[in-house]
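# Results of the structural survey
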Amino acid sequence: RHKDAAGALLAFLPLAEDEVSEVIRGALVALALTGADEPEPALVAALADKSAARRAAAYVALVDGTARAPEAAKAARARVSAAAAKDADPEARFQ
């Protein structure tokens, strides 16, 4: 696992075709936790990204990908809830 993998995938995501986008989203779920069972910083940063596609992917990845680490999951869900509540784009908010 490369330390910049999630960031690289997030950077490419808005350019990806639908099928590739789904693969990227799945990979982001798998990368949602760092080796220390903390939420992946690139995903946390993406919660405030200008791209709705990146925000939506971060919402899903942080919620689904942190489930195996209860403390990280709790923190991630709180961050996602706060970010989604402020998100003006319904497409991102309701992923």
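Heads up: the structure comes first, above all this text.
## Overview of helix α5 (residues 70-86)
Look at α5: 25 Å from first C-alpha to last across 17 residues, which is about the 24 Å you get at 1.5 Å a residue. Every buried residue belonging to α5 is among Ala72, Ala73, Ala76, Val80, Ala83 and Ala84, and all of these are buried. Along the axis of α5, the buried residues cluster in a sector spanning 105 degrees; they form a single face. Turned more than 90 degrees away from the buried face of α5, the exposed residues are Pro70, Glu71, Lys74, Ala85 and Lys86.

## Topic: unusual backbone geometry
Residues other than glycine predominantly adopt negative phi, and peptide bonds predominantly adopt the trans conformation. Its identity is not glycine, yet Asp37 carries a phi of approximately 55 degrees, on the positive side. Checked against the element boundaries, Asp37 lands in the loop between α2 (18-30) and α3 (41-46). When its relative accessible area of 35% is taken as the criterion, Asp37 is described as partly exposed.

So, how was this worked out
- Residues numbered from 1 in each chain as written.
- Predicted model: local features only at pLDDT ≥ 70, side-chain atom pairs only at ≥ 80, totals over all residues.
- Heavy atoms only, no water.
- Helix = DSSP H or I, 4+ residues; strand = E, 2+ residues; numbered from the N terminus.
- Expected span 1.5 Å × (residues − 1).
- Buried < 20%, exposed > 50% of the residue type's maximum accessible area, 1.4 Å probe, protein only.
- Arc of directions from axis to C-beta.

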